[in-house]
Amino acid sequence: MVSSRKTIRIGNGAGFWGDQLDAPRLLAEQGELDYLTLEYLAELTLSILAHQRQRDADLGYVTDFPTVVRSMVALLRSQPELKIITNAGGMNPVSCARAVSQVLCESQLESIQVAAVSGDDLLPRLDELIADGETFEHFENNQPMTDIREKLTSANAYLGAAGIVSALSDGARIVITGRIADASLVVGPAVFEFGWSWDDWDLLASATTTGHLIECGAQVTGGMFSGWSSDANFRLDRIGYPIAELSTEGGCVITKPAGTDGRVDTATVSEQLVYEIGDPESYLTPDVAADFSHVQLEQIDTDRVRVANCRGAQRPSEYKVSMSYAEGYSGAGTLVVAGPDAIGRARACESAIRSRLERIGDLPEHVAFEYLGTGDVVSGVMVREANPPEVVLRAVARDPSRDVIDRFLRELAPLVTSGPPGVTGYTGARPRSIPVLGYWPSSIHRSHVHSQSTVLSAKDCCNG
Amino acid sequence: MGSGSANGRVLHLHDIAHARSGDKGNHANIGVIAWTSVGFEFLDDFLTAEVVADFLRPLNPHRVERFRMPGIGAYNFVLHNVLAGGASRSLLIDSQGKALASALLQMEVPTPDEWEQMLKPYE
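The model shown is predicted, which means the values in this text are computed figures rather than measured ones.

(A) Representation of the pairing of strand β12 (residues 304–308) of chain A within the structure. All names here are of chain A. Of the two faces of β12, the one lined by V305 and V307 is fully buried and the one lined by R304, R306 and A308 carries no buried residue. Here strand β8 (residues 252–255) pairs with β12 via 3 bridges, running antiparallel. Across the sheet, C252 pairs through a bridge with V307, a residue of β12. Relative to β12, strand β11 (residues 296–301) runs antiparallel, the two sharing 5 bridges. Bridge pairing links L297 to V307 in β12. Linking β11 to β12, which pair antiparallel, is a turn of 2 residues; within it D303 sits at a positive phi near 55°.

See the structure below:
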């Protein structure tokens, strides 16, 4: 289906799992959107979700999303054309779709169709894929995957936009995917609405560039902006989340709802264009190889920036695969050390922890101490503070044994009474050890991955 | 080209450019965007991959690559293996490299004759 629209408005109300919970609702209320996208999955989020699904087969998705849908019930009713596209499905898009349908049923919105797009989870198919010749070598150092095979906790292909287009064509109003290239959340609706062909590389690149610009939410509307200044009239309290107006001929305008804080100008948009990229001439997604290097930005009005000159080339013949594997445990805790010679006092704390643990042979394999407030955040590079009135001492460790990490974390609190003077800031619960996940980027041939779109009838969930 | 001061003023990278950094697996990137086209030309010669690698030497980058983005007047630096194992394994507080841009912008830069044309334009 191709609509007769010349432009569509897509707003992104989430840049990661944990982003402002009311942003999606506020953006949809103010944004006059055709589509709301919500991006939740960082590189390692899926392994956390895999762990949750292991413990409960109905979990493993971003539980914020059904909560967001509940907050938007009135809007879904008053804006019958509004559609939502999200990767909240994580390791379990079908269960997420079921949970969302349940919310819709409870709100007498059971006519809304919810689709789950799956096929990205490769872990159950690993033996079969290896038998078919896939090796999953490490993308950068070509290490064989057999090195970590026994410790794998997740393996997902980054899917492209095709599954979303298929779900929308099937009539879905809410589309829930698992792992998918972030920018594909925008490419999907663009291809569906404008009827672009899958080899119109410049147009696909244009939607991909747009998706990249809005995928991190408020990072394009003034958040994180290095040109921000505390004495300028540059408020961020009620920052507006981004809206992209995509044109059927390619290109877009980035803007935000009127009356919100933050800023959309060529500088804030430039900073998001360069965010987390490698070679700007070849930003690879399963849909296209987009070229950001010649993208041009023009301020056409207050808080409106036109994005033009997006070019694209043939998409890669492989999908990127993101694997994670168990690599022991880590834990971190902090102490505040105040007073004259704060650094010297903090050093004495470090020394006490190290020597006590060495004596009992329980010093973790990897230990680090950071003296926050002295310039240690980018150690040796930032301008140093030689004699600060206070220091946050951050102690952090990693080890194959959870017991060793727990033992390490016990060492912090006693320094309040047994350490040098001025040690404070140790209240609340003892910090906890957490599993460490290694990241293993790899690839797989396209023909070995099949995305499926399943449209749920919310009515079935009403009875269940 | 003078060196380090203009009418007694010391020039820093943040006077002539803005930047954003983040992570990509074990690597980090810093995109440096010149405020003006004069600044973009100046940085072409001055802010080489070697200069950036040297400034960030304490972080032991394995390799630094530089890419030009003439459309927006920027240079993208990819810092290989700088995050000590990446977002999950790194012990450091800035395991995702978010603060690298702020650190790089503290760099002192030489002061060419046309330095005033490189400053952030008035709003």
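Still more ground to cover, so stick around.
(B) The packing of aromatic side chains, seen in detail. Residue and element names in this part refer to chain A. In total, this model carries 7 aromatic pairs over all chains according to the counting rule given. Relative to F234, the ring of F225 lies with its centre 6.1 Å away and its plane at 50°, an arrangement referred to as tilted. Of the residues examined, F234 reaches a relative accessible area of 6% and is grouped as buried. A ring pair is formed by Y325 and W440, whose centres lie 6.2 Å apart and whose planes are at 80°; its orientation type is edge-to-face. Of this pair, Y325 sits in strand β14 (residues 318–338) while W440 sits in strand β18 (residues 434–445); the two residues are 115 residues apart in sequence, bridging distant segments of the chain. When its relative accessible area of 2% is taken as the criterion, W440 is described as buried.

(C) The domain arrangement of chain A, seen in detail. Residue and element names in this part refer to chain A. By domain assignment, chain A separates into domain 1 (7–322 + 442–463) and domain 2 (327–439). Taking only C-alpha atoms, the centre of domain 1 and the centre of domain 2 are 37 Å apart. Taken together, the 9 residues of domain 1 in the interface contact 4 residues of domain 2. Across the domain 1 to domain 2 interface the summed buried area is about 490 Å²; carbon plus sulfur atoms make up 64%. There are 0 salt bridges connecting domain 1 and domain 2. Inspection of the region where domain 1 meets domain 2 yields 1 residue pair in polar contact (both at pLDDT 80 or more). Among the secondary structure elements, those contributing two or more residues to the side of domain 1 that touches domain 2 are α2 (45–55) and β14. A per-class count over the side of domain 1 that touches domain 2 returns 2 nonpolar, 4 polar and 3 charged.

(D) Quick look at helix α5 (residues 93–106) of chain A. Residues and elements named next belong to chain A. Taking 1.5 Å of rise per residue, the 14 residues of α5 would be expected to cover 20 Å, and the 20 Å separating its terminal C-alpha atoms lies within 8% of that figure. Among the 14 residues of α5, 10 are classified as buried, and the element is accordingly described as predominantly covered. Backbone geometry just after α5 places Q108 at a positive phi near 55°.

(E) Spotlight on the sheet that holds strand β1 (residues 7–12) of chain A. Residue and element names in this part refer to chain A. Strand order across the open sheet formed by 10 strands is β11-β12-β8-β7-β1-β2-β3-β6-β4-β19, with mixed pairing between neighbours. Edge positions in the sheet fall to β11 and β19 (452–456), since each of these pairs with one other strand and no more. Looking at each pair of strands side by side, their axes are set apart by 20° on average, direction ignored. Inspection of the sheet shows β1 paired to strand β7 (residues 243–247) by 5 bridges, in the antiparallel sense. Looking at the pairing, R9 lines up with E245 of β7. The strands that helix α9 (residues 201–214) touches are β1, β2 (35–38), β7, β8 and β12; relative to β7, the one it contacts most, it runs at about 175°. The strands touched by helix α10 (residues 266–273) within the sheet are β8, β11 and β12, with β11 carrying the most contacts at an inclination of about 150°.

(F) Main features of the packing of helix α3 (residues 64–71) of chain A against α5(A). All names here are of chain A. Axis separation between α3 and α5 bottoms out at 9 Å; the angle between their running directions is 25°. In terms of axis orientation, α3 runs roughly parallel to α5. When the axes of α3 and α5 are compared, the crossing they make is right-handed. Taken together, the residues of α5 that come into contact with α3 (itself represented by F65, P66, V69 and R70) are C96, A99, V100, V103, L104 and E106.

(G) Focus on unusual backbone geometry. Residues and elements named next belong to chain A. Here the phi dihedral of E32 falls at roughly 50°; this positive angle occurs in a residue that is not glycine. Locating E32 in the fold gives a position in the loop between α1 (23–31) and β2. Taking relative accessible area as the criterion, E32 reaches 65% and is therefore assigned exposed.

(H) Local environment of the interface of chain A and chain B. Each side of the interface is counted separately: chain A has 49 residues, and chain B has 41 residues. Buried area between chain A and chain B, both sides added, is near 3,600 Å², and the carbon and sulfur share of it is 60%. Summed over the three residues of chain A that lose the most area to chain B, namely V274(A), E276(A) and V381(A), the buried surface amounts to 16% of that side. Between chain A and chain B we count 1 salt bridge in total. Remark: the boundary between chain A and chain B carries 18 residue pairs in polar contact (both at pLDDT 80 or more). Mapped by element, the contributors of at least two residues to the side of chain A that touches chain B are α10, β11, β15 (366–372), β16 (390–399) and β18 of chain A. Residues of the side of chain A that touches chain B, tallied by class, amount to 25 nonpolar, 14 polar and 10 charged.

(I) Geometry of the environment of H18(B). If you trace the backbone, H18(B) turns up in strand β2 (residues 17–24). C-alpha separation for the pair H18(B) and E114(B), spaced 96 residues apart in sequence, amounts to 19 Å. Not counting chain neighbours up to four residues away, the residues in contact with H18(B) comprise F225(A), S226(A), A267(A), S270(A), E271(A), G31(B), V32(B), I33(B), W35(B) and L105(B). Separated by 2.8 Å, the side chains of H18(B) and E271(A) make a polar contact.

(J) The nonpolar core, seen in detail. Residues and elements named next belong to chain A. Membership of the largest hydrophobic core comes to 69 residues, with the highest contact counts inside it found for L122, F136, L246, I254, M323 and I444. Those residues in contact with F136 that sit more than four places away from it in its chain are L122, L126, L129, I130, M145, V321, M323, W440, S442, S443 and I444. A23, L33, V100 and V114 belong to the second largest nonpolar core, which has 42 residues in total.

(K) Broad picture of the sheet that holds strand β9 (residues 283–284) of chain A. Residue and element names in this part refer to chain A. Spatially, the 3 strands line up as an open sheet ordered β9-β10-β13, and their pairing is antiparallel. Of all the strands in the sheet, the pair left with one neighbour each is β9 and β13 (311–313). As paired strands, β9 and strand β10 (residues 289–291) are joined by 2 bridges and run antiparallel to one another. Within β10, the residue paired with L284 across the bridge is A289. Its contacts with the sheet put α9 on β9, β10 and β13, and the angle it makes with β13 is roughly 115°.

Conventions we followed
- Residues numbered from 1 in each chain as written.
- Chains lettered and ligands numbered in written order.
- Predicted model: local features only at pLDDT ≥ 70, side-chain atom pairs only at ≥ 80, totals over all residues.
- Heavy atoms only, no water.
- Buried < 20%, exposed > 50% of the residue type's maximum accessible area, 1.4 Å probe, protein only.
- Helix = DSSP H or I, 4+ residues; strand = E, 2+ residues; numbered from the N terminus.
- Pairing = 2+ DSSP bridges.
- Phe/Tyr/Trp six-rings, centres within 6.5 Å; stacked < 30°, edge-to-face > 60°.
- Domains from an automatic or database assignment.
- Contact = heavy atoms within 4.5 Å.
- Buried area = accessible area lost by both parts, 1.4 Å probe.
- Salt bridge = Lys/Arg side-chain N within 4 Å of Asp/Glu carboxyl O.
- Polar contact = N/O pair within 3.5 Å; in protein donor to acceptor, adjacent residues only side chain to side chain.
- Nonpolar A, V, L, I, M, F, W, Y, C, P; charged D, E, K, R; others polar.
- Expected span 1.5 Å × (residues − 1).
- Axes fitted to C-alpha atoms, helices over the stretch in contact; angles between N-to-C directions.
- Parallel < 35°, antiparallel > 145°, perpendicular 65-115°, else oblique.
- Left-handed = near helix turned anticlockwise from the far one by under 90°.
- Core = buried A, V, L, I, M, F, W, Y, C linked by side-chain atoms within 4.5 Å.

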